[in-house]
Amino acid sequence: VPGAFMTMIAAFALRKIISDEGWLDPAQILKRMNFLVKTTLQQDTDYALSDDGLDAALCFIKPQEKKLTFAGAKLPLICMNNNNNELTVIKGDSKSIGYRKSDLSFEFTNHTLNVRPEMSFYMFSDGFVDQVGEKNDRRFGTRRLKQVLKEYTDESFETQREILLRSFNEYKGENE
């Protein structure tokens, strides 16, 4: 239930920040989102009963400028160069959004990349890499995710999606 509730609050905050307020800068959106989540849940007070929050990642692409701007709250962006099979992880900041200990004045960091046709980008929730395997009781992990992406980088995105989902489901087995 807390996850679904946080999804609703985050969706409301994003709609308000982007559509109503007109923000387009990923780092500023995360900062504003942190403020809205904390104040909505009154987690900016000493009498807060909840301590909920989320990790998030955003990117904006300006096709005419061939630029991608990314900011993350504990979540990364994976950049894959399909020509040489080189994979780069652009880490998000080590701060989450909304929790009582989250700093209201924290400035998230923008990372701007030049986009080229041979590049692919991947964003994912922590639920993917944190999934515990049925056979070994260990996380799926970022290393395994990167291996799958590197192995199937030449495939279409639809095929990559199918392979990632199959790998994930086989790994988790009967686990939730």
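Presented here is a report on the structure given in the accompanying data block. Everything numeric here is computed off the predicted structure, so don't read it as measured data. (Residues numbered from 1 in each chain as written. Predicted model: local features only at pLDDT ≥ 70, side-chain atom pairs only at ≥ 80, totals over all residues. Heavy atoms only, no water.)

**What to know about helix 5 (residues 157-172)**
Threshold: Strands are runs of DSSP state E lasting at least 2 residues, helices are runs of H or I lasting at least 4, and numbering of each runs from the N terminus. To estimate how far a helix should extend, the number of its residues minus one is multiplied by 1.5 Å. When accessible area is computed with a 1.4 Å probe and restricted to protein chains, residues below 20% of their type maximum are described as buried, those above 50% as exposed, and intermediate ones as partly exposed. The directions considered for the arc are those from the helix axis to the C-beta atoms. Two residues form a contact once any of their heavy atoms are found within 4.5 Å.
Along its 16 residues, helix 5 runs 22 Å from first to last C-alpha, staying within 8% of the 22 Å computed at 1.5 Å per residue. Residues of helix 5 that are buried include every one of Gln160, Ile163, Leu164, Phe168, Tyr171 and Lys172, and no others. Projection of helix 5 onto a plane perpendicular to its axis shows the buried side chains occupying an angular sector of 155°, all on one side. Considering only its buried residues, helix 5 is in contact with strand 6 (119-122), helix 3 (126-130) and helix 4 (141-151).

**Examining the side chain of Gln131**
Here Gln131 shows up in the loop between helix 3 and helix 4. With a relative accessible area of 10%, Gln131 lands in the buried category. If near-sequence neighbours (up to four positions away) are discounted, Gln131 is found in contact with Arg138, Arg139, Phe140, Phe168, Tyr171, Lys172, Asn175 and Glu176.

**Here's the deal with the pattern of salt bridges**
This is how it is decided: Any carboxyl oxygen of Asp or Glu that lies within 4 Å of a side-chain nitrogen of Lys or Arg is treated as forming a salt bridge with it.
Here the structure, examined in full by the defined rule, presents seven salt bridges. Close ionic contact of Lys16 with Glu21 constitutes a salt bridge, the shortest N to O distance being 3.4 Å. What makes Lys16 partly exposed here is its relative accessible area of 25%. One salt bridge connects Glu158 with Arg161, and the closest N-O pair in it is separated by 4.0 Å. Linking Glu158 with Arg161, this pair stays in helix 5, spanning three residues, or about one helical turn. Overall, Glu158 belongs to the partly exposed group, its relative accessible area being 44%. On the accessibility criterion, Arg161 (48% relative accessible area) is partly exposed. In this structure, a network of salt bridges that share partners links the residues Lys16, Glu21 and Arg32.

**Topic: the packing of aromatic side chains**
Quick reminder of the rule: In this scheme Phe, Tyr and Trp rings, the latter by its six-membered ring, pair at centre separations within 6.5 Å, and the angle between planes marks the pair as stacked below 30 degrees, edge-to-face above 60, and tilted otherwise. Charges are assigned to positions over rings by a cutoff of 6 Å between ring centre and Lys NZ or Arg CZ, combined with an angular limit of 35 degrees from the ring normal.
Following the criterion strictly, the structure yields six aromatic pairs and no others. Judged by centre distance (4.9 Å) and plane angle (80°), the rings of Phe106 and Phe108 are edge-to-face. The residues Phe106 and Phe108 share a single accessibility class, namely buried. Taking the centre distance of 5.3 Å and the plane angle of 90° together, the rings of Phe140 and Tyr171 count as edge-to-face. Placement of the pair is Phe140 in the loop between helix 3 and helix 4 and Tyr171 in helix 5, with a sequence separation of 31 residues. For Phe140, a relative accessible area of 2% gives the class buried. Given a relative accessible area of 14%, Tyr171 falls into the buried group. Counting every residue linked through ring pairs, the aromatic cluster contains Phe128, Phe140, Phe168 and Tyr171. Over the aromatic face of Phe140 sits the side chain of Arg144, whose NZ or CZ is 5.5 Å from the ring centroid.

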